[in-house]
Amino acid sequence: MASRPFEGINILDFTWTATGPASVNPLAFFGATVIKVESRGRFDALRSLGPFKDGIPEPERSYSFAYTQAGKRLSITLNLSHPRGQEIIRKLVEWADIVADSYVTGTMERWGLDYENLKKLKPDIIMMRTCMHGHTGPLAKQPGQGFILTALSGVDSLISWPDRAPSGAYGPFTDYVVPQLNTISIIAALDYRRRTGKGQYIDQSQHEATLGLIAPLILDYTVNKRDITGHGNRQPNAAPHGIYRCQGQERWCAVAVFTDAEWESFCKVIGKPSLASDPKFNTLAKRKENEDALDRVVEEWTSQRPPEEVMKLMQSSGVAAGLVSNARDMAEDRQFKHYNFFENREHPVQKNIPFSHGPNFRLSDEEYELGRSNLLGEHNDYVYTSILGFSDEEFVNLVAEGVI
């Protein structure tokens, strides 16, 4: 049986919360061996974020943590403030091909694990660092996380209405954008090492990476001095364009009409073909001018139908539409089920975790391996004795001394 793409690649993982683990997950899915490093005093912050199994806020019961750790990992605890901990982590660096961290500048340096020191231990090491502002410049030591980055990168300004304060994205939006770039960077570094025998230092500024999403808006300001503003659900080149109430409790559907041909199709779908030539709506400019009245017409029709029906009728007529999914919609989605996107995983504490998911892509000739979130330090025995070669007695002493 052929080896999987990243089989034989060892990753020492100091990342936490969402961006870092999601950056490493694709390699773990396809064969890389990942050792996640935490400590009893400072474990992954996501273990403290709910929802929790049975509503009990304990580190091993966090569904949020479980969701981000679907790439198979070995979990160890190590006290890096202890001199013996410093010795052990250097042995693990020699084992690793990649060291990944998502700490603010200064953390890895305090442990002597900056890139220059890592190279002394293993000259061809690849280091991937991902934090809010990167590790150079005046803001390098500023800590932060996805909610702050979503605001700093301008995304929150877009998700708003002209007469209201920004409402912001639900969740740390940047945590789901930056990992794609990080994973590609790691793979490129592995290819570079394969060809040249040299390692690589990857310094990923999450703030800088996210700006690529709104580059046209930045260009618009640079050239035309138009600032970023929110327009609610409206767009200058489309009408109707919005989220419309449908039949049922909190059920909605998005509808977007861009061209006159789509407008004619839309009018036929709602049973009002003559509306296409109405002087108030017969051009995009007129529809934008009378958009409040137009939205009332749309919602009068959508509110009498379930969103699934609205979506199907519009799409079949060439009009862009999509129901606003809730959690149940996504859990029961036919396309997700086709791909077996959500998989049940057994967990020692959480028992059955119904919504673990594999990679957001598939390889034609390779199967992925889905893991589950590990208990804190679950693989201490295996890593310290089987990988690092400590005797059982040494292992017990390290635990007694508070190193492990």
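Residues numbered from 1 in each chain as written. Predicted model: local features only at pLDDT ≥ 70, side-chain atom pairs only at ≥ 80, totals over all residues. Heavy atoms only, no water.

Asks: Even after reading the chapter, I still don't get the pattern of salt bridges, so can you show me in this structure?
Replies: A side chain of one charge can pair with a side chain of the opposite charge if their charged atoms are brought near each other. Per the stated rule, a full pass over the model turns up 27 salt bridges. The salt bridge partner of Lys119 is Glu116, with a shortest N-O separation of 3.6 Å. Linking Lys119 with Glu116, this pair stays in helix α5 (residues 115-121), spanning three residues, or about one helical turn. Its relative accessible area of 28% is what places Lys119 among the partly exposed residues. Residue Glu116 is classed as partly exposed on the basis of its relative accessible area, which comes to 47%. Note that Asp260 is salt-bridged to Arg287, the shortest N-O span being 3.2 Å. Residue Asp260 is found in helix α11 (residues 260-269), and its partner Arg287 is found in helix α12 (residues 284-289); the two are separated by 27 residues along the sequence. Residues joined by salt bridges that share partners form a network here, namely Arg234, Lys288, Glu291, Asp292 and Asp295. (Salt bridge = Lys/Arg side-chain N within 4 Å of Asp/Glu carboxyl O. Helix = DSSP H or I, 4+ residues; strand = E, 2+ residues; numbered from the N terminus. Buried < 20%, exposed > 50% of the residue type's maximum accessible area, 1.4 Å probe, protein only.)

Asks: Please clarify how the pairing of strand β9 (residues 320-323) should be interpreted in this entry.
Replies: Two faces, one strand: in a regular strand the side chains alternate between the faces of the sheet. Of the two faces of β9, only one is covered, namely that formed by Ala321 and Leu323; the face formed by Ala320 and Gly322 stays uncovered. As paired elements, strand β8 (residues 252-256) and β9 share four bridges and run antiparallel to each other. Residue pairing for β9: Ala254 is matched across the bridge by Gly322. (Pairing = 2+ DSSP bridges.)

Asks: Got a minute to help me understand the pairing of strand β7 (residues 241-245) in this structure?
Replies: Summarising the sheet, β7 and β8 pair through five bridges and their orientation is antiparallel. When the bridges of β8 are listed, His241 appears paired with Ala256. The hairpin turn running from β7 into β8, its antiparallel successor, is six residues long, and Gly248 in that turn takes a positive phi close to 115 degrees.

Asks: Could you clarify how one ought to interpret the sheet that holds β9 in this entry?
Replies: Sheets are built from strands that pair by backbone hydrogen bonding, the pairs being arranged parallel or antiparallel. Read across the open sheet, the three strands follow the order β7-β8-β9; overall the sheet is antiparallel. Each edge of the sheet is formed by a strand with only one pairing partner; in this case those strands are β7 and β9. Averaged over all neighbouring strand pairs, the angle between strand axes comes to 20 degrees, with direction disregarded. Relative to β9, helix α14 (residues 307-316) is tilted by about 160 degrees, and along the sheet it contacts β8 and β9. (Axes fitted to C-alpha atoms, helices over the stretch in contact; angles between N-to-C directions. Contact = heavy atoms within 4.5 Å.)

Note that all results are geometric; they support no functional claim without further evidence.
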